[in-house]
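Listed below, chain by chain, are the residues.
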Amino acid sequence: SAAATGAEVSERGAQWEAPVRILDGTHPGCVERHHGALSPDHVDDAWRTQTPGRGEHCEFDGRYSLVRHRGRYLLFARANSGHAVRHVQVTSSTCLECNASAWAPFELVRLPGVDPWASSGEKANVYFFGAQVSPLDKKVLLAVFPLVTPDTFACLGLS
């Protein structure tokens with residue numbers, strides 16, 4: 001159960017429960033182009049969402065953020081949208097420990113002015129989202145994230 005997952009903390013430290021696998025690298029919508037672009041037949045031109053194919057799997061090689069908001073769990077994970085290009089993708093579910101079919105397909109987070117498919121010379125990297133419910137308005141999510149752009153170099157972003 002969700003209440004039993006996690007760690008029990010005592011004076012001796014934390015005793016973690018056994019891991020529960022909720023997603024794997026073939027989850028629908030997951031973006032992985034770390035080792036170069038996949039063929040165009042894997043790209044949806046409407047938003048250029050790319051799913052792994054031909055032996056490709058999402059690496060899930062970044063920091064995660066999990067938040068419960070409006071009755072859903074939102075899981076933010078790194079999207080490797082090109083060689084040396086990082087962005088953030090999100091999936092959601094009403095059930096934290098359900099199997100993968102209960103989790104929505106991944107979607108890229110949309111940030112005005114940040115193109116996750118830009119060429120390496122124009123790229124902006126968003127490495128992860130530290131998402132949480134706003135302490136000022138429970139209807140709003142906030143995310144703090146490291147952002148690297150060609151014109152501003154490294155900065156801390158808030159959205």
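Everything here concerns the structure above.
Predicted, not measured: the structure shown is a model, and the values here were computed from it.

> Would you mind showing me how to read a nonpolar patch on the surface here?
On the surface, Val144, Leu156 and Leu158 cluster together into a nonpolar patch covering about 320 Å² of accessible area. Mapping Val144 onto the fold places it in strand 11 (residues 141-149). Residue Val144 is classed as partly exposed on the basis of its relative accessible area of 38%.

> How should the environment of Phe145 be read in this particular structure?
By secondary structure assignment, the location of Phe145 is in strand 11. The spatial distance from the C-alpha of Phe145 to the C-alpha of Leu158 is 6.5 Å, given a sequence separation of 13 residues. Sequence-distant contacts of Phe145, defined by excluding residues within four places in its chain, comprise Leu111, Val126, Phe128, Phe129, Cys155, Leu156, Gly157, Leu158 and Ser159.

> I keep staring at the pattern of salt bridges and nothing clicks. Help me out?
Side-chain pairs of opposite charge can arise whenever the charged atoms involved come near each other. Going through the model one piece at a time under the given rule, you end up with two salt bridges. The residue Arg21 makes a salt bridge to Asp24 at a minimum N-O spacing of 3.1 Å. Of the residues examined, Arg21 reaches a relative accessible area of 66% and is grouped as exposed. Judged by its relative accessible area of 29%, Asp24 falls in the partly exposed class. The partner of Arg78 in a salt bridge is Asp61, and the shortest N-O contact between them spans 3.8 Å. Highlighted residues: Arg78 in strand 6 (residues 72-82) and Asp61 in the loop between strand 4 (49-50) and strand 5 (65-69), separated in sequence by 17 residues. According to the relative accessible area criterion, Arg78 is buried, its value standing at 15%.

> Where do I start with the side chain of Glu32 in this structure?
Mapped onto the elements, Glu32 comes out in the loop between strand 2 (13-16) and strand 3 (43-44). For the buried Glu32, which has no salt bridge, the nearest side chain bearing the opposite charge is Arg86, at an N-O separation of 7.1 Å. Here Asn80 takes part through its side chain, which lies 3.1 Å from a polar atom of the side chain of Glu32.

> Before we go on, may I ask you to explain the state of the cysteines in this structure?
Disulfides are covalent bonds that link the sulfur atoms of two cysteine residues. A complete count under the given rule lists two disulfides for this structure. Paired through a disulfide, Cys30 and Cys58 show a sulfur-sulfur distance of 1.8 Å. Taking the sign of the torsion about the S-S bond as the criterion, the disulfide between Cys30 and Cys58, at about -130°, is left-handed. Of this pair, Cys30 sits in the loop between strand 2 and strand 3 while Cys58 is found in the loop between strand 4 and strand 5, placing the two residues 28 residues apart along the sequence. The burial state of Cys30 is the same as that of Cys58; both residues are buried.

Rules behind the numbers
- Residues numbered from 1 in each chain as written.
- Predicted model: local features only at pLDDT ≥ 70, side-chain atom pairs only at ≥ 80, totals over all residues.
- Heavy atoms only, no water.
- Patch = residues over 30% accessible without salt bridge, like charges linked within 9 Å, V, L, I, M, F, W, Y side chains within 5 Å.
- Areas by Shrake-Rupley, 256 points an atom, 1.4 Å probe, with all protein chains shown as cover.
- Salt bridge = Lys/Arg side-chain N within 4 Å of Asp/Glu carboxyl O.
- Helix = DSSP H or I, 4+ residues; strand = E, 2+ residues; numbered from the N terminus.
- Buried < 20%, exposed > 50% of the residue type's maximum accessible area, 1.4 Å probe, protein only.
- Contact = heavy atoms within 4.5 Å.
- Lys, Arg positive; Asp, Glu negative; His and termini not counted.
- Polar contact = N/O pair within 3.5 Å; in protein donor to acceptor, adjacent residues only side chain to side chain.
- Disulfide = S-S within 2.5 Å.

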